[in-house]
Amino acid sequence: MKALVLSGGSGTRLRPFSYSMPKQLIPIANKPVLEHVLENVRDLGVTEAGVIVGGWAPQITEVIGDGSRLGLRVTYITQEEPLGLAHCVRLARPFLGDDDFVMYLGDNMLPDGVVPVAEEFAEHRPDAQVVVHKVPDPRAFGVVEMDAEGRVTRLVEKPREPRSDLALVGVYFFTAAIHRAVESIEPSARGELEITDALQWLVARGAEVRASEYGGYWKDTGRAEDVLECNRRLLEELRPGLAGEVDGRSEVDGRVVVEEGARVVRSRIEGPAIIGTGSVVEDSHVGPGTSVGRGCVLRDTRIADSIVLDGASISDVPGLYGSLIGRNATVGASARHRLVVGDHTRIEVAA
């Protein structure tokens with residue numbers, strides 16, 4: 001089985017970050033979302049992954065490389081404009097051939113993995129198998145209706161009046177049958193080739209399409225609040241480790257990682273939290289749910305429930321929480337408690 005990982009979206013809901021970096025490289029627990037996805041793919045026993053990229057291809061290829069660091073062989077496939085998930089399958093046909101494959105959206109976090117679903121697909125090998133999750137408001141998702149045996153009877157993309165609360169979560173298992181389907185459908189009203197339409201095409205022609213309900217944690221990291229929530233969730237599973245320097249006047253409590261080359265001076269780190277390589281935390285209090293990236297500087301600052309990206313500097317901030325601080329940003333003497341600060345931004349003495 002191969003993998004097709006979709007990493008070409010523009011990420012408009014994550015601006016200002018998505019002006020300067022792809023949303024798939026936003027770090028969760030100090031690791032890009034796309035790396036979490038590729039590790040999940042590797043855990044399925046997959047060794048070959050095609051990654052769909054758009055305008056952010058140079059940044060993505062710089063971080064992921066050829067995939068060998070993650071135990072994969074990665075092939076990059078360019079989608080010039082966002083024309084839908086089924087269009088990605090069409091573009092990837094030369095890479096996929098007639099092999100079975102898993103398609104995985106590159107901004108979806110499923111930290112518990114989908115190994116049981118992959119095993120079910122391999123055992124029964126339907127034409128397609130989708131992963132679904134119950135949601136309170138399905139209108140923003142592709143919605144699946146299925147019978148008591150798990151066979152899909154109908155799929156609708158973003159219905160105004162959903163007849164089910166089972167949403168597609170962005171992981172699909174396909175045989176080569178999907179290729180005929182994507183070649184047979186027409187663009188939707190929004191001008192895209194919808195994977196839900198391709199799946200419905202299979203259902204309408206009597207193909208076996210099954211659904212597996214996912215009971216673990218799932219988050220589409222398309223908004224800042226989703227990124228922060230997911231970061232809190234993954235930090236809860238940290239294995240504590242103090243490879244960096246923590247001086248005698250500092251306190252470390254709970255699940256805390258201080259990476260090699262980081263320094264904690266006269267500070268309190270309250271887990272779960274992670275301090276990245278080369279960062280300095282001085283005369284500060286880092287509270288639960290916080291990830292500090294590499295090469296950051298925190299001085300005379302209290303921060304919690306936040307993500308600080310590589311190279312950022314925060315000083316003289318008495319209380320910062322629920323914030324996303326971009327790469328190489330500078331925040332000082334800010335009176336605001338919640339901030340979303342893009343890369344290379346400077347904020348001081350905010351009103």
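Note that the structure is a prediction, hence the values are computed from the model and not measured.

Further remarks concern the nonpolar core. Of all hydrophobic cores here, the largest spans 52 residues; its most connected members are V5, L38, L110, V114, V171 and F173. Examining the composition of this core, we find that 6 residues originate from one element, helix α9 (residues 224-235), more than from any other. Residue contacts for V114: discarding those within four places in its chain leaves L44, V171, F173 and Y214. Of all hydrophobic cores here, the second largest spans 36 residues; its members include L4, A92, V130 and A198.

Where helix α2 (residues 33-42) contacts helix α3 (residues 57-64), the axes come no closer than 11 Å and their chain directions differ by 55°. For the element pair α2 / α3, the angle class is oblique. When you trace α2 past α3, the crossing you get is right-handed. Together, L34, E35 and L38 of α2 and I60, V63 and I64 of α3 make up the contact between the two elements.

Below, the discussion takes up the pairing of strand β9 (residues 142-146). Among the 5 residues in β9, 4 count as buried, and that is most of the element. Note that β9 and strand β10 (residues 152-157) share 5 bridges and pair antiparallel. In the strand pairing of β10, V143 is matched with V156. Counting the residues that bridge the hairpin from β9 to β10 gives 5 residues, and of these G150 lies at a positive phi of roughly 90°.

Time to look at the environment of G67. With respect to the helices and strands, G67 occurs in the loop between α3 and β5 (73-78). Overall, the relative accessible area of 1% leaves G67 in the buried class. Not counting chain neighbours up to four residues away, the residues in contact with G67 comprise L72 and V74.

What follows deals with unusual backbone geometry. Each neighbour pair has its own omega, and for G271 with P272 the value is 5°, a cis peptide bond. Residue placement: P272 occurs in the loop between β19 (268-270) and β20 (273-275). Even without glycine at this site, R266 takes up a positive phi of about 45°. Within the secondary structure, R266 is located in the loop between β18 (263-265) and β19. For R266, a relative accessible area of 34% puts it in the partly exposed group.

Attention now moves to α3. Among all positions in α3, only A57, I60 and I64 are buried. Along the axis of α3, the buried positions cluster into a sector of 70°, meaning they face one direction only. Set apart from the buried face of α3 by more than 90 degrees, the exposed residues are P58 and E62. Where the residues of α3 are buried, they touch β1 (2-7), α2, β4 (48-53) and β5.

Parameters and conventions
Residues numbered from 1 in each chain as written. Predicted model: local features only at pLDDT ≥ 70, side-chain atom pairs only at ≥ 80, totals over all residues. Heavy atoms only, no water. Core = buried A, V, L, I, M, F, W, Y, C linked by side-chain atoms within 4.5 Å. Buried < 20%, exposed > 50% of the residue type's maximum accessible area, 1.4 Å probe, protein only. Helix = DSSP H or I, 4+ residues; strand = E, 2+ residues; numbered from the N terminus. Contact = heavy atoms within 4.5 Å. Axes fitted to C-alpha atoms, helices over the stretch in contact; angles between N-to-C directions. Parallel < 35°, antiparallel > 145°, perpendicular 65-115°, else oblique. Left-handed = near helix turned anticlockwise from the far one by under 90°. Pairing = 2+ DSSP bridges. Arc of directions from axis to C-beta.

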